[in-house]
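Listed below, chain by chain, are the residues.
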Amino acid sequence: MTAPIALNDITIHPVAEQEGAFFDALGFFPALGKDLLDENRAWLRPVYLDGDDRLVLCIQSFVIKTPRHNILVDACVGNHKPRPTRPFWNMLNSDRFEKGLAAAGVTVNDIDYVMCTHLHTDHVGWNTRLENGRWVPTFPKATYIMADRELAHWTQREKENPQSVPWITDSVLPIIAAKRAKLVKSDFVFDDLIQFVPTPGHTIDHYSVLVGRAGTDALITGDMIHSPLQGKYPELGMMSDYDSAQAGRTRRQVFDRFCEEPTIMCATHFPTPSMGRVRRRGDGYKFIAIAD
Ligand SMILES: [Zn+2]
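Predicted, not measured: the structure shown is a model, and the values here were computed from it. One numbering rule holds for all chains: residues counted from 1, following each sequence as written. Thresholds applied to this predicted model are a pLDDT of at least 70 for local features of residues and 80 or more for the giving and counting of side-chain atom pairs; totals over whole chains, interfaces and linings are not thresholded and use all residues. With hydrogens and water set aside, each side-chain value is computed from the structure's full complement of heavy atoms.

Pairing between two strands is assigned when DSSP locates at least 2 bridges connecting them. Per the convention used, a helix needs a DSSP run of H or I reaching at least four residues, while a strand needs a run of E reaching at least two, with both numbered from the N terminus. Within the open sheet, the seven strands sit side by side as β1-β2-β3-β4-β5-β8-β9. Their pairing is mixed. Only two strands of the sheet have a single partner each, and these edge strands are β1 (5–7) and β9 (181–184). Mean inter-strand twist for the sheet, computed between neighbouring axes without regard to direction, equals 25°. Alignment of strand β2 (residues 10–24) against strand β3 (residues 54–65), held across 12 bridges, turns out to be antiparallel. Paired with Ile12 across the strands is Ile64, a residue of β3. In this fold helix α5 (residues 148–160) packs onto β8 (143–147) and β9, with an angle of close to 85° to the strand it touches most, β8. All axes here are fitted lines through C-alpha atoms, helices being fitted over the stretch that makes contact, and every angle between N-to-C directions spans 0 to 180 degrees. Here a residue-residue contact requires only that any non-hydrogen atoms of the pair lie within 4.5 Å.

Keep in mind that water is not among the atoms, so a site may look incomplete; donors are the N, O and S atoms within 2.8 Å of the metal, or 3.2 Å for Na, K and Ca. For the zinc ion, every protein donor is listed as Asp122 (OD), His123 (NE2), Asp223 (OD) and His269 (NE2), and the spread of their distances is 2.1 to 2.3 Å. Of note is the zinc ion, whose four donor atoms meet at the metal with angles of 83 to 171° in an arrangement that counts as irregular. Coordination of the zinc ion draws on donor residues from a single chain, spaced D-H-x99-D-x45-H in sequence. You can see Asp122 sitting in helix α4 (residues 121–124) and its partner His269 sitting in the loop between β13 (264–266) and β14 (275–281), a full 147 residues away along the chain. Remark: exposure states derive from per-residue accessible area (1.4 Å probe, protein chains only) relative to the maximum for the residue type, with buried under 20%, exposed over 50%, and partly exposed in between. Accessibility expressed as a relative area gives 7% for Asp122, which makes it buried. Given the relative accessible area of 2%, His269 is considered buried. Here a site with four donors is tetrahedral if all angles are between 85 and 135 degrees, and a site with four or six donors is square planar or octahedral if opposite donors are over 155 degrees apart and the other angles are between 65 and 115; anything else gets the irregular label.

What follows deals with unusual backbone geometry. In this structure, the amide linkage connecting Arg45 to the following residue, Pro46, adopts the cis form with an omega of 0°. In this structure, Pro46 sits in the loop between α2 (33–44) and β3. Residue Pro273 is reached from Thr272 by a cis peptide bond, and omega for that bond is -10°. Residue position: Pro273 is located in the loop between β13 and β14. Although it is not a glycine, Asp74 sits at a positive phi angle of roughly 70°. Mapped onto the secondary structure, Asp74 falls in the loop between β4 (70–73) and α3 (96–103).

Turning our eyes to something else, we now look at α2. Regarding α2, the residues found buried are Leu37, Asn40, Arg41 and Leu44. Around the axis of α2, the buried residues are gathered within 145° of arc, so they sit on the same side. Across from the buried face of α2, at angles greater than 90 degrees, the exposed residues are Asp35, Glu39 and Ala42. As for α2, its buried residues are in contact with α1 (25–28) and α8 (229–232). What the arc measures is the spread of directions leading from the helix axis to the C-beta atoms.

Looking at the secondary structure, you find Asn70 in strand β4. Side-chain atoms alone can form a polar contact between residues adjacent in sequence; in general such a contact is a pair of N or O atoms within 3.5 Å, and within protein one must be able to donate a hydrogen while the other accepts it. Here the side chain of Asn70 touches Asp110 through a polar contact of 3.1 Å, landing on its backbone oxygen. Excluding residues that lie within four positions of it along the chain, Asn70 makes contacts with Ile64, Lys65, Val106, Asp110, Ile111, Asp112 and Tyr113.

A few words on empty space enclosed by the protein. Empty pockets left among the atoms are what a rolling probe the size of a water molecule brings to light. Using protein atoms alone on a 1 Å grid, points that fit a 1.4 Å probe yet trap it form a cavity, whereas open point sets bounded by protein on both sides within 12 Å along at least five of seven lines form a pocket; residues with an atom within 4 Å of a point count as lining. Grid points are joined across faces, edges and corners, and a volume is the space filled by probe spheres set on the points. Taken as a whole and judged by the stated rule, the model has one cavity of 30 Å³ or more. When its volume is computed, the largest cavity comes out at roughly 80 Å³. Lining the largest cavity, in full, are Thr221, Ile225, Pro228, Gly231, Phe255, Met265, Ala267, Phe270, Val278, Tyr285, Lys286 and Phe287. No other element matches the three residues that strand β15 (residues 284–289) contributes to the lining of the largest cavity. In this count, Pro and Cys sit with the nonpolar residues alongside Ala, Val, Leu, Ile, Met, Phe, Trp and Tyr, while Asp, Glu, Lys and Arg are called charged and the others, Gly among them, polar. In terms of residue class, the lining of the largest cavity is built from nine nonpolar, two polar and one charged.

Looking at where Ala16 falls in the secondary structure, it is placed in strand β2. Remark: the alpha-carbon pair of Ala16 and Val108, spanning 92 residues in sequence, is separated by 15 Å. Apart from the residues lying within four places of it in its own chain, the contact partners of Ala16 are Cys58, Ile59, Gln60 and Arg96.

Attention shifts here to the sheet that holds β15. The strand order across the open sheet formed by six strands is β10-β11-β12-β13-β14-β15, and the pairing between neighbours is mixed. Every interior strand has two partners, whereas the edge strands, β10 (194–198) and β15, have only one. Averaged over all adjacent pairs, the angle separating strand axes in this sheet is 35°, with direction ignored. The pairing of strand β12 (residues 216–220) with β13 spans three bridges and is classified as parallel. For Ala218, the partnering residue across the bridge sits in β13 and is Ile264.

Listed below in structure tokens is the structure:
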């Protein structure tokens, strides 16, 4: 498990639910192609790519502890959730997420806010848990902060074809029904320590979370990047992007902003340690992981 990082009086604790090789790299990045993979295999292995050319990914959340609040950013896959198209996420029954919270020194009762960078299945699962056959908010005191256009987009998808987005039905709409959601713009300023950075493209209204004060800060990326390969090739889209061209522009913009800064990137899907700094390299960017 990756150690927490401290930004003066704030700490950020990774809470991993899974880490492993789930997706074939060529399918995950449809424009990658065999030649480019051949060219990059050596530096990707073994940390980012396994022996069968599957990407090694972490499924994780981050707990931010500030002097005022305990905040969870994203909520992994969750337990007891039918995900028929993703066998490795189907009907999970694991205590790893809960143990991760405990390692961060919190329980579900201590979380004041849940920030949803976007509404994909591996980021909203623990929003809810099963209680007497009903999906109820997992974090009884928390307000869940979602981007307004993101929610509108997925609510409409669910209305048109609920079978295609079961995670919206069981992990997002129950939060709305329980009146626990706060809808904001994706450039929302939460307080003087936390603000959202709009990072659209992977989804329609995706946001990343900037934590701390200038000079001592961190960016929780969410899914604006999935692999350091998308640092080297910022235009490399992934299979579930809403708009890959926009996602590419977003990556360039964000990396350009932070590549000469001490800002620590908490890259949600990067394998352990998922935290590091981004630096310019050639026409792209490299990721330098902090020591585990
Ligand atoms: Zn994801």
